[in-house]
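Commentary on secondary and tertiary structure
Residues per chain are reported as follows:
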Amino acid sequence: MAAGQAQQGDLLNMNHRENWKVQHEKLHVKHRGHEAMHAEMVLILIATLLVAQIVLVQWKQRHCRSYNLVTLVQMWVVPLYFTIKLYWWRFLSTWGMFSVITSYVIFRATRKPLSGRTPRMVYKWFLLIYKLSYAVGVVGYLAIMFTMFGFNVFFRIKAEDSMDVGVIMLFYGLYYGVMGRDFAEICSDYMASTIGYYNVGGMPSRSLRDDICAVCGQKIFVDVDEEGIIEDTYQLSCNHIFHEFCIRGWCIVGKKQTCPYCNEKVDLKRMLNNPWERTHMLYGQLLDWLRYLVAWQPIIIGIVHGINFSLGLE
């Protein structure tokens, strides 16, 4: 009986292999003689990617604000389309919570007159998103490495399950990290311009006193040489002083690399004395690169499909 079951199992495996072989042969027959067409499709893809890259780079250099705004809108909308289409309700729930809270934060940041508590609230929210996305992304990456090295076997976890968890967490971390930084940059411009110590394209409308933080507009009570209970006071190379929490939020989360008052270049390496904190700067650069992949890649691929369809290529 056992021998019969083994023979039946071999027969099922043989049928599976034969089915796979038949499907593979059908695929070869379908695409046989289409090598020239496939080469043409590859050339169209490469040419479209190159042209799109040149256009995007020129757009960003000439009209940076409109480029960032359109990219941000696409970052917000494109994943929503795929989420609804593929029934990813878990992502939709987190996307909805993030959108509701961030919309409220943006509403507060764009009000005039600006409340004195708003800048701190805005930077706290986006710094929280930044740190959470960083932690979730790292855990997702470790889960992927954990699976690739086979450690999941020791815990009796299926490779598919642990890999899925890792990929999902990595995507969540990177996606919300990008969104948080982009929205923080918009809020930084609005708030600093409203307070008056900062102007994107010209001179500030208010003169900065020595004991005022140009990021939040609030008084600084801790001297540069003193150690604060909650936070320290930080002085840039231009000698302007800020709340440490504000200037870190302005530079690292808000992507600003100039002094909020005089626009002098900020040395981020000198600002991040702790070597472990420099990973945050590398993480920010990774998020900037990912923006292109999420926002523009689906549109470029759609253009390629449109060109192939118009030329009768399949």
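Position numbers for residues start from 1 in each chain and track the written sequence from start to end. Two thresholds apply to this predicted model, a pLDDT of at least 70 for residue-level local features and 80 or more for giving and counting side-chain atom pairs, whereas whole-chain, interface and lining totals are computed over all residues. For side-chain calculations, the full set of non-hydrogen atoms in the structure is used, while hydrogens and water are omitted.

Comments concerning the overall build of the protein chain
Note the cut-off: Note on conventions: DSSP H or I runs of at least 4 residues are helices, E runs of at least 2 residues are strands, and numbering of each starts at the N terminus. Exposure categories follow from relative accessible area, calculated using a 1.4 Å probe and restricted to protein chains: below 20% of the type maximum is buried, above 50% is exposed, and the middle band is partly exposed. Contacts are residue-level and defined by heavy atoms, with any inter-residue pair within 4.5 Å sufficient. All accessible-area figures derive from a Shrake-Rupley calculation using a 1.4 Å probe, and residue coverage is judged against the displayed protein chains alone.
Check the secondary structure of the protein chain and you find 10 helices and two strands. Going from the N terminus to the C terminus, the protein chain shows its helices and strands as α-α-α-α-α-α-β-β-α-α-α-α. Residues counted as buried form 35% of the 314 residues belonging to the protein chain. Pairs at least 24 apart in sequence give 63% of the contacts found in the protein chain among residues at least 6 apart. Of the accessible surface of the protein chain, which amounts to about 19900 Å², a share of 65% is contributed by carbon and sulfur atoms.

A closer look at the UniProt feature "transmembrane region" (unreviewed entry) in the protein chain
The line we're drawing: UniProt positions are given in the numbering used here, feature names are shortened, and annotations may be inferred rather than shown by experiment.
UniProt tags residues 41–59, 66–82, 88–107, 128–151, 163–179 and 289–311 as "transmembrane region" (unreviewed entry). Segment residues 163–179 splits into 100% helix and 0% strand. End C-alpha atoms: 24 Å apart. The span residues 289–311 is 91% helix and 0% strand, and its two end C-alpha atoms sit 32 Å from each other.

Some points on the nonpolar core
Short version of the rule: Within this scheme, the nonpolar core is defined by two criteria: the residues are buried Ala, Val, Leu, Ile, Met, Phe, Trp, Tyr or Cys, and they are joined through side-chain atoms within 4.5 Å.
Formed by 54 residues in total, the largest nonpolar core has its most connected members in Phe126, Tyr175, Leu236 and Phe242. A per-element tally of this core places helix 6 (residues 159–195) first, with 12 residues.

Some points on the side chain of Ser133
Here is the rule we go by: Any N or O atom pair separated by 3.5 Å or less is treated as a polar contact, with the protein-specific requirement of one donor-capable and one acceptor-capable atom, and with residues adjacent in sequence counted only for side-chain atom pairs.
By secondary structure assignment, the location of Ser133 is in helix 5 (residues 118–148). Relative accessible area serves as the criterion here: at 4%, Ser133 is assigned to the buried category. A distance of 2.8 Å separates a polar side-chain atom of Ser133 from the backbone oxygen of Tyr130.

Topic: the pattern of salt bridges
Heads up, the rule is: Definition used for salt bridges: Asp or Glu carboxyl oxygen within 4 Å of a side-chain nitrogen of Lys or Arg.
Within the structure shown, the criterion is met by two salt bridges. The salt bridge partner of Arg209 is Asp211, with a shortest N-O separation of 3.2 Å. Residue Lys219 is joined to Asp211 by a salt bridge in which the shortest nitrogen-to-oxygen separation is 2.3 Å. Sharing partners across several salt bridges, the network here consists of Arg209, Asp211 and Lys219.

Re helix 5
Condition: Between the first and last residue of a helix there are one fewer steps than residues, each counted as 1.5 Å, and that sum is the expected span.
Given a rise of 1.5 Å per residue, 31 residues ought to cover 45 Å, and the 45 Å separating the end C-alpha atoms of helix 5 matches this to within 8%. Just beyond helix 5, the residue with positive phi is Gly150, at close to 80 degrees.

Re the packing of aromatic side chains
Here is the rule: Here a pair means two rings of Phe, Tyr or Trp (six-membered ring of Trp) with centres within 6.5 Å. Their orientation is stacked below 30 degrees between planes, edge-to-face above 60, and tilted elsewhere.
Across all of its chains, the model carries 21 aromatic pairs by this definition. Here the aromatic rings of Tyr67 and Trp296 are separated by 6.2 Å at their centres, their planes lie at 15 degrees, and the arrangement is stacked. Remark: Trp296 occurs in the loop between helix 9 (278–295) and helix 10 (297–310) and Tyr67 occurs in helix 3 (residues 64–86); sequence separation between them is 229 residues. Among the aromatic residues, those joined into a cluster by ring pairs are Trp76, Phe91, Trp95, Phe98, Phe171, Tyr172, Tyr175, Tyr176 and Phe183.

Details of the environment of Tyr104
Tracing the backbone through its elements, the reader meets Tyr104 in helix 4 (residues 89–109). For Tyr104, a relative accessible area of 44% translates into the label partly exposed. With 18 residues separating them along the chain, Tyr104 and Val122 place their C-alpha atoms 9.8 Å apart.

Some points on the packing of helix 5 against helix 6
The test is simple: To obtain an axis, a line is fitted to C-alpha atoms, over the contacting stretch when the element is a helix, and the angle between two such axes runs from 0 to 180 degrees between their N-to-C directions. Throughout, the term roughly parallel applies to angles under 35 degrees, roughly antiparallel to angles over 145, roughly perpendicular to angles from 65 to 115, and oblique to all others. Put simply, a crossing is left-handed when the front helix is turned counterclockwise from the back one by less than a right angle, and right-handed when it is turned clockwise. Each residue is assigned to one class: nonpolar for Ala, Val, Leu, Ile, Met, Phe, Trp, Tyr, Cys and Pro, charged for Asp, Glu, Lys and Arg, and polar for all the others, Gly among them.
It is the contact of helix 5 with helix 6, at a shortest axis distance of 7 Å, that shows an interaxial angle of 160 degrees. Overall, the two elements helix 5 and helix 6 adopt an arrangement that is roughly antiparallel. The crossing of helix 5 and helix 6 is left-handed. Of the residues assigned to the contact of helix 5 with helix 6, the class counts are 24 nonpolar, 11 polar and one charged.

Observations concerning the environment of Val73
When you line up the elements, Val73 lands in helix 3. Between the C-alpha atoms of Val73 and Ala295, which are 222 residues apart in sequence, the distance is 8.5 Å.

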